[in-house]
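Tertiary structure, described
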Amino acid sequence: MIHNRFDAVLFDLDGTLLDTAPDFTTAINRVLEEQGLEPQSESRVRSAVTHGSAGLITSSFGLASDHPDFEPLRQRLLHHYRQCLTQYTHTFAGMDTVLGELAARQIPWGIVTNKPLQYTTPILAQLSFPSPPATVICPEHVIRTKPDPESIVLACRELHVAPERVIYVGDHLRDIEAGRNAGTATAAVTWGYLGEDEDPHTWGADHIIHNSHELITLLF
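Described in the following lines is the structure provided in the data block. Predicted model, so just to flag it, every value in this text is computed and none were measured.

**Digging into the packing of helix H3 (residues 52–61) against helix H4 (residues 70–83)**
Contact pair H3 / H4: the axes reach a minimum separation of 9 Å and the direction vectors enclose 115 degrees. Considered as vectors, H3 and H4 are oriented roughly perpendicular to each other. Judged by the sense of rotation from one axis to the other, the crossing of H3 with H4 is right-handed. Contact residues: Ser53, Ala54, Leu56, Ile57, Thr58 and Phe61 in H3; Phe70, Leu73, Arg74, Leu77 and Leu78 in H4.

Put into structure tokens, the structure is as follows:
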């Protein structure tokens, strides 16, 4: 009989399961073009996209959130992003293999993300996975988003699995804090959208994962 280390696996979305930075790059560069400004490199977008649309506007235009131009520019960004949600978005290298192994072992997996439902749902519908997520938790499903543990606790409840039998995999400090506070094991991946001053080794994660092979070894 196969004994699995975990009864379920939960993933953050952007920067952990999916590489969405290429489409965010397209969207922000369309906004910059509208403003008569030079495009940004994808590498610069990757360091800002973990902070969402607000982070991209701040990084690209140097504006605080209370600036009168901030919200109109953010809405333009989201408008363009809706037009290219999955043009170049894809699972990170080896993650399809991880999901395939979970399916083969009949281990449910899910997504807990701070990405709004209006973007998450069509992205997941347009992409193909070896098995579908058994639960998808977005900000609209909870009162408090990550780093609060509410969303992870809800996902565990929907999967009918105790948090201590679950591992949450993410690429940001808020992911590790949320998982730890929910009572799950935690794994910080290093392939995500890290800012220059961010070091996963300082987050207090149970595991640091550098590639999908290490994740497979950890899970199985």
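**Details of the pattern of salt bridges**
Charged atoms that come close allow side chains of opposite charge to pair. Per the counting criterion, the structure on display carries 11 salt bridges. Measuring nitrogen to oxygen at the nearest pair gives 3.0 Å for the salt bridge that ties Asp7 to Arg165. Of this pair, Asp7 sits in the segment before strand E1 (8–11) while Arg165 sits in the loop between helix H7 (150–159) and strand E6 (166–170), placing them 158 residues apart in sequence. Judged by relative accessible area, Asp7 falls into the partly exposed class, the value being 36%. Of the charged contacts, one joins Arg46 and Glu42 as a salt bridge, the two residues approaching to 2.8 Å between their closest N and O atoms. Within this pair, Arg46 and its partner Glu42 are both found in helix H2 (residues 42–48), separated by 4 residues, close to a single helical turn. Accessibility expressed as a relative area gives 31% for Glu42, which makes it partly exposed. One continuous salt-bridge network, built from bridges that share partners, spans Asp12, Lys146 and Asp175.

**Digging into the packing of aromatic side chains**
In this structure the tally under the stated criterion is 6 aromatic pairs. Considering the side-chain rings of Phe92 and Tyr193, the 6.3 Å spacing of their centres and the 55 degrees angle between planes classify their relative orientation as tilted. Pair noted here: Phe92 is in the loop between strand E3 (90–91) and helix H5 (95–104) and Tyr193 is in the loop between strand E7 (185–189) and strand E8 (207–209), with a separation of 101 residues, a long-range link. An identical accessibility class is assigned to Phe92 and Tyr193; each is buried. For the pair Trp109 and Phe129, a centre-to-centre distance of 5.8 Å together with 70 degrees between the ring planes defines the contact as edge-to-face. With Trp109 in strand E4 (residues 109–112) and Phe129 in the loop between helix H6 (117–126) and strand E5 (135–137), this residue pair connects regions lying 20 residues apart in the sequence.

How each quantity is defined
Residues numbered from 1 in each chain as written. Predicted model: local features only at pLDDT ≥ 70, side-chain atom pairs only at ≥ 80, totals over all residues. Heavy atoms only, no water. Axes fitted to C-alpha atoms, helices over the stretch in contact; angles between N-to-C directions. Helix = DSSP H or I, 4+ residues; strand = E, 2+ residues; numbered from the N terminus. Parallel < 35°, antiparallel > 145°, perpendicular 65-115°, else oblique. Left-handed = near helix turned anticlockwise from the far one by under 90°. Contact = heavy atoms within 4.5 Å. Salt bridge = Lys/Arg side-chain N within 4 Å of Asp/Glu carboxyl O. Buried < 20%, exposed > 50% of the residue type's maximum accessible area, 1.4 Å probe, protein only. Phe/Tyr/Trp six-rings, centres within 6.5 Å; stacked < 30°, edge-to-face > 60°.

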